[in-house]
Amino acid sequence: MAELITYRDAVARALAQEMEHDPSVYFIGEDVAAAGGVFKATKGLLEEFGPERVRDTPISEEAILGAAMGAAMTGLRPVAEIMFSDFLATCWDLVAVEIPKSRYMTDGQVSLPLVIRTANGGGLRFGAQHSQAVENWAMAIPGLKVVAPSNPRDVIGLLAAAIRDPDPVVFFEQKSLYPSKGEVPDGEIVDTLGVASTVHSGSDVTIVALASMVPRAVAAAEELEGLGISAEVIDLRCLVPLDTATVVESVKRTSRLVTVEENPRLCGWGAEIVSIVAEECFWHLDGPLTRVTTPHIPLPSADALEDAFLPSVSRIVEAAQKVVQ
Amino acid sequence: MSTTELETTPREMSDADHTSLGLYEQVVRIRTFEERAYRLFMEGLVKGTSHLSLGMEAIAAGFGAAMRRDDYTFCTYRGHAHTLARGTPMAGVMGELLGRASGVCGGKGGSMHLTSVEHGVMGSYAIIGAHLPIANGAAWSAQARGSGQVAVCFFGDGTTNIGAFHEALNLAKVWNLPVVFVCENNLYMEYTAIGEVTAVEHPAADRASAYGLESIIVDGNDPDAVYAVATTAIDRARAGGGPSLIEAKTYRHGGHSRADPGQYRPEEEVAAWMQRDPVPTYRARLLGAGIDEALLTAIEQRAQADVDAATEQARAALPPDLQAAYTNVWADGGSSWRN
């Protein structure tokens with residue numbers, strides 16, 4: 001049996017699944033308990049698990065992540081919500097300097113099984129301070145795992161895997177995907193981190209995408225079929241650990257690569273993929289390695305501007321046509 | 001007189017004597033260790049930087065004595081004293097300062113990141129303010145697990161002006177966490193007098209009321225006074241009475257770090273505080289209370305011998321294997337980020 005649920009409801013279902021599975025899982029954040037989250041992604045958890053395990057915090061991002069870190073070091077498996085990924089900048093010391101380095105600096109004395117959930121990316125016309133796609137920030141920090149699901153089923157499987165993982169995970173939920181629906185099987189779902197998924201098979205070009213760029217890449221692949229181009233679409237699902245094997249194997253078959261990133265151009269994750277493919281697939285390549293990204297600008301608010309500059313289906317189609325010809 | 005001889009001639013001692021001698025032993029051990037660390041730095045054996053607690057030993061000693069074995073210590077880059085005060089072996093601490101594989105962190109932490117989880121030392125944090133919210137987390141976990149553990153978090157006066165201090169105190173109060181925040185006010189934030197950059201006279205105590213906490217100031221150079229205030233705050237936290245904020249007034253004998261001779265401090269001020277050096281003043285107090293001087297001398301000799309042995313062990317230890325740089329990024333022990 002399977003049911004059709006939203007990406008938003010999948011978040012609550014994953015948290016409930018894991019809180020039921022493990023009594024050491026606790027969940028904290030701003031407006032997450034009584035209000036059920038500003039995106040309503042955590043509705044019902046307070047009622048189901050009580051105020052000890054589902055706890056509202058003040059607007060204090062450092063206090064939130066500090067609490068999660070100290071608790072993770074001492075026996076809990078906390079999930080902390082940072083409402084918008086833009087706000088990671090207010091607690092970046094915890095994200096980049098404390099949480100990922102503690103195990104290393106103590107030579108393994110400390111474990112940090114914690115998850116930072118955060119709403120990432122554009123599409124809701126919130127302007128440049130509530131719409132950034134910052135998954136590449138987290139990817140640049142040794143010691144952080146980075147996950148970004150593209151559909152409701154993966155939200156459950158990957159969030160469960162993140163919570164069960166013994167290392168700190170930043171879990172990017174793409175906020176424009178919250179209302180999107182997908183089929184989810186009954187029962188417990190737990191995936192493995194670091195396993196990409198080939199969501200559309202093809203032989204002419206490999207398109208690598210993440211989160212909200214995945215449905216766009218798939219739509220592009222369908223359009224490309226009509227143009228006589230067979231595109232393979234890989235949903236990376238995780239940036240760390242990175243499933244390079246799936247990408248390299250695919251590019252060796254198709255001999256062409258297009259990456260589709262929501263983050264701004266410079267030092268986006270696609271550059272890392274391109275660099276790996278350039279080194280490891282060089283003798284198999286038949287076209288320029290190409291990146292489709294948001295331009296290197298803060299994301300503007302107006303719908304006309306936002307729609308024009310986030311990677312669109314037509315830009316992906318164009319890029320694929322260009323590398324195949 | 002040797003330790004063995006002392007042990008054969010036990011003196012009738014009260015519980016208070018035991019506590020006092022324990023406190024004296026701790027301040028002497030820390031003093032002796034820190035003086036050695038300074039010397040090794042001058043010899044080029046301790047690399048990087050080091051922030052010593054010379055002059056500030058009584059705070060670590062008083063709290064260390066008041067804490068339960070499974071309580072949590074969170075301290076700063078000026079953390080040698082707090083790490084030792086929880087019983088972490090000197091050799092491991094010295095090894096870490098010298099960058100040896102035998103260090104408590106295998107040489108990957110260094111002077112500013114001493115950690116010994118088995119002794120309750122949950123880390124030395126080198127970013128001002130960072131560990132106050134983290135100490136809250138350990139306290140929250142203790143509360144959730146019903147373990148009765150208390151987290152004690154030490155920081156300097158400069159920390160009271162950073163956001164994390166305020167976020168942490170507010171959350172600690174709102175969640176009624178078993179955490180004790182201890183401001184070691186040595187009057188200087190790095191090179192600048194704290195009074196010049198702080199809106200209130202007492203950087204921690206004057207902020208306590210903003211978080212519904214009692215304003216507490218203690219003489220941080222008096223081991224007995226620190227022990228008393230620590231015991232009260234820790235007991236209260238353990239009993240579910242919530243957090244405390246304690247400001248311990250003290251003074252560092254040297255500069256902020258090894259690069260700083262501390263010349264921005266008026267001579268008279270330094271001289272006045274040297275009169276209040278916790279080691280000789282506490283020694284005099286114990287003698288005045290009728291404690292046998294031989295007991296104190298034995299403590300001093302033992303500390304010297306332990307520091308000598310720790311130094312020898314650390315000097316003889318090997319540097320970390322180069323492969324160690326690739327270990328313990330992840331829980332699987334490795335550093336791999338791709339397949």
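Look up: the structure comes first, before these words.
Notes on the structure follow.

Quick notes on the rules
Residues numbered from 1 in each chain as written. Chains lettered and ligands numbered in written order. Predicted model: local features only at pLDDT ≥ 70, side-chain atom pairs only at ≥ 80, totals over all residues. Pairing = 2+ DSSP bridges. Helix = DSSP H or I, 4+ residues; strand = E, 2+ residues; numbered from the N terminus. Axes fitted to C-alpha atoms, helices over the stretch in contact; angles between N-to-C directions. Contact = placed C-beta atoms within 7 Å. Nonpolar A, V, L, I, M, F, W, Y, C, P; charged D, E, K, R; others polar. Core = buried A, V, L, I, M, F, W, Y, C linked by C-beta atoms within 7 Å. Buried ≥ 20, exposed ≤ 12 C-beta atoms within 10 Å, placed from the backbone. Right-handed = clockwise from strand over helix to strand, strands pointing away. Expected span 1.5 Å × (residues − 1).

## Thoughts on the sheet that holds strand S7 (residues 169–174) of chain A
All names here are of chain A.
- Read across the open sheet, the 7 strands follow the order S3-S2-S4-S5-S7-S6-S12; overall the sheet is mixed. Each edge of the open sheet is held by one strand with a lone partner, namely strand S3 (54–56) and strand S12 (238–240). Taken pair by pair, the neighbouring strands of this sheet meet at an average axis angle of 20°, ignoring direction.

## Concerning the interface of chain A and chain B
- Across the contact, 41 residues belong to chain A and 36 residues belong to chain B.
- At the level of secondary structure, the elements contributing two or more residues to the side of chain A that touches chain B comprise helix H3 (61–73), helix H4 (92–98), helix H5 (102–105) and helix H9 (244–254) of chain A.
- Here the side of chain A that touches chain B takes 9 residues from H3 of chain A, the largest share from any one element.
- Split into classes, the residues belonging to the side of chain A that touches chain B amount to 19 nonpolar, 14 polar and 8 charged.

## Notes on the nonpolar core
- Residues Ile207, Ala217 and Ala320 of chain A together with Ala151, Val152, Cys153 and Val182 of chain B are the most contacted members of the largest nonpolar core, which totals 203 residues.
- The element that contributes the greatest number of residues to this core is H3 of chain A, accounting for 9 residues.
- For Ala320 of chain A, the contacting residues outside a window of four places in its chain are Val205, Ile207, Ala220, Leu224, Ile229, Ala231 and Val258 of chain A.

## Some details on the pairing of strand S5 (residues 115–120) of chain A
All names here are of chain A.
- Counted residue by residue, S5 has 6 buried out of 6 residues, so it is predominantly covered.
- Neither face of S5 is left uncovered, since the one carrying Val115, Arg117 and Ala119 and the one carrying Ile116, Thr118 and Asn120 both have all their residues buried.
- Examined bridge by bridge, strand S4 (residues 77–84) and S5 share 5 bridges and lie parallel to one another. Following the sheet pairing, Ala80 is matched in S5 by Ile116.

## Points about the sheet that holds strand S2 (residues 121–125) of chain B
Residue and element names in this part refer to chain B.
- One open sheet holds the 6 strands; their spatial order is S2-S1-S3-S4-S8-S7, and the pairing between them is parallel. At either end of the open sheet lies a strand with only one pairing partner, and these are S2 and strand S7 (216–219). When the angles between neighbouring strand axes are averaged without regard to direction, this sheet yields 20°.
- Looking at chain direction, strand S1 (residues 72–76) and S2 are connected through 3 bridges and run parallel. Note on S2: the bridge partner recorded for Thr76 is Tyr125.

## Let's talk about H9 of chain A
All names here are of chain A.
- Residues of H9 that are buried: Thr246, Val247, Val248, Ser250, Val251 and Thr254.
- Buried-residue contacts for H9 involve strand S9 (197–200), strand S10 (205–209), strand S11 (231–235), strand S13 (257–264) and helix H10 (269–280).
- Residue Ser255 follows H9 closely and has a positive phi angle near 65°.

## Observations concerning the pairing of S11 of chain A
All names here are of chain A.
- With 5 of 5 residues buried, S11 is to be regarded as a mostly interior element.
- In this structure, S9 lies alongside S11, joined through 3 bridges in antiparallel fashion. Within S11, the position partnered with Thr198 by the bridge is Ile234.
- Sheet topology note: the S10/S11 ladder contains 5 bridges and is parallel. Looking at the pairing, Val205 lines up with Ala231 of S11.
- Crossover handedness for the path S10 to helix H8 (residues 213–226) to S11: right-handed.

## A few points about helix H9 (residues 223–238) of chain B
All names here are of chain B.
- Between its terminal C-alpha atoms H9 stretches 22 Å, which fits the 22 Å expected from 16 residues at 1.5 Å a residue.
- When H9 is considered as a whole, its buried residues turn out to be Pro223, Val226, Tyr227, Val229, Ala230, Ala233, Ile234 and Ala237.
- Just beyond H9, the residue with positive phi is Gly240, at close to 90°.

## A short note on unusual backbone geometry
Residues and elements named next belong to chain A.
- In this structure, the amide linkage connecting Val240 to the following residue, Pro241, adopts the cis form with an omega of -5°.
- Looking at the element boundaries, Pro241 is found in the loop between S12 and H9.
- Of note in this structure, Arg237 is not a glycine but carries a positive phi near 65°.
- Within the fold, Arg237 resides in the loop between S11 and S12.

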